[in-house]
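The residues making up each chain are set out below.
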Amino acid sequence: MKEFVRTTRRSADSLGAALKDLDGRGCDVRVALTHFSPVADTLAGEPLEIYPFLGSYLLAEAIDTAGADLAVHGHAHLGSEHGMTAGGVRVRNVAQPVIRRAFNVYQLPTG
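In terms of helices and strands, the protein carries 3 helices and 4 strands. N-terminal to C-terminal, the α/β element order of the protein is α-β-α-β-β-β-α. Each of the three principal axes of the protein carries a C-alpha extent, and together these read 40 × 35 × 20 Å. Restricting to contacts in the protein with at least 6 residues of sequence separation, those with at least 24 account for 51%. For the protein, the exposed area adds up to about 6,700 Å²; of that, 57% sits on carbon and sulfur atoms. Where the 11 positive side-chain charges of the protein centre and where its 12 negative ones centre are 2 Å apart.

In structure tokens:
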């Protein structure tokens, strides 16, 4: 279990570093792409006992700290599409069984 937590922490740290690395690069939009969910909102519909294996709040903390306009993840096939981090970043679960199509288009404000 301790290794599981360490792996999650390393993933969140890597995500935060990658997002911070975008500073000064002139990016109009930042999208955090993860396999696991950063918020419980998009896990709604999954069995509660497997939530720890579907995502982590540590990812949301990294997203909120480093900054992103949108967070996109899959993995939670019985979850729901829409969520939001505590810092107000929109989160979308794009697992095909959730969105029921091959892809979705999300429009973000620029500038």
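Now that the structure has been shown, we can carry on.
Position of Ile50 among the secondary structure elements: in the loop between strand E1 (31-34) and helix H2 (57-66). Judged by its relative accessible area of 30%, Ile50 is partly exposed. In the structure, Ile50 is positioned 26 residues away from Ala76 in sequence and 9.9 Å away in space, judged by C-alpha atoms.

Quick look at the pattern of salt bridges now. In this structure the tally under the stated criterion is 5 salt bridges. The salt bridge involving Arg9 is made with Asp13; its shortest N-O contact spans 3.5 Å. One end of the pair is Arg9 and the other is Asp13, both in helix H1 (residues 2-20) and 4 residues apart, which spans about a single turn. We classify Asp13 as partly exposed; its relative accessible area is 44%. Measuring nitrogen to oxygen at the nearest pair gives 3.1 Å for the salt bridge that ties Arg25 to Asp21. The exposure class of Arg25 is exposed, given its relative accessible area of 55%.

Inspection of the entire model under this criterion finds 1 aromatic pair. Ring geometry for Phe4 versus Phe53: centroids 5.4 Å apart, planes at 50°, classification tilted. You can see Phe4 sitting in helix H1 and its partner Phe53 sitting in the loop between E1 and H2, a full 49 residues away along the chain. Taking the relative accessible area as the measure of exposure, Phe53 reaches 45% and is therefore partly exposed.

Right, let's get into the pairing of strand E2 (residues 70-73). Burial of the side chains of E2 extends over both faces: Leu70 and Val72 are buried on one face and Ala71 and His73 on the other. Bridge analysis of E1 against E2 gives 4 bridges, and the strand direction is parallel. Counted as the bridge partner of Ala32 is Ala71 from E2. Crossover E1 to E2 through H2 is right-handed. Inspection of the sheet shows E2 paired to strand E4 (residues 90-93) by 4 bridges, in the parallel sense.

As paired strands, strand E3 (residues 82-84) and E4 are joined by 3 bridges and run antiparallel to one another. Within E4, the residue paired with His82 across the bridge is Arg92. The antiparallel hairpin formed by E3 and E4 contains 5 residues in its connecting segment, where Gly88 sits at a positive phi of about 95°.

Rules used throughout
- Residues take numbers from 1 onward in each chain, read along the sequence in its written order.
- Confidence filtering applies because this is a predicted model: local features only for residues at pLDDT of at least 70, side-chain atom pairs given and counted only at 80 or more, and all residues used for totals across whole chains, interfaces and linings.
- Side-chain metrics in this entry use all non-hydrogen atoms of the structure; hydrogen atoms and water are not considered.
- Segments assigned H or I by DSSP are reported as helices when at least four residues long, segments assigned E as strands when at least two residues long, and all are numbered from the N terminus.
- Contacts are residue-level and defined by heavy atoms, with any inter-residue pair within 4.5 Å sufficient.
- Each accessible area is a Shrake-Rupley result for a 1.4 Å probe, and residues are judged covered by the shown protein chains and nothing else.
- Counting rule applied: Lys, Arg positive; Asp, Glu negative; His and chain ends not counted.
- In this description, the location of a charge corresponds to atom NZ of lysine, CZ of arginine, CG of aspartate or CD of glutamate.
- Residue burial is assigned from relative accessible area. The probe radius is 1.4 Å, only protein chains are included, and a residue is buried under 20% of its type maximum, exposed over 50%, and partly exposed in between.
- The term salt bridge refers to a pairing of a side-chain nitrogen on Lys or Arg with a carboxyl oxygen on Asp or Glu at a separation within 4 Å.
- Stacked, edge-to-face and tilted labels apply to pairs of Phe, Tyr and Trp rings (six-membered ring for Trp) whose centres lie within 6.5 Å, assigned for plane angles under 30 degrees, over 60, and everything in between, in that order.
- At least two DSSP bridges between two strands are needed for those strands to be called paired.
- When the strands point away from the viewer and the path from the first strand over the helix to the second turns clockwise, the crossover is right-handed.

That is the geometry; function is a separate question.
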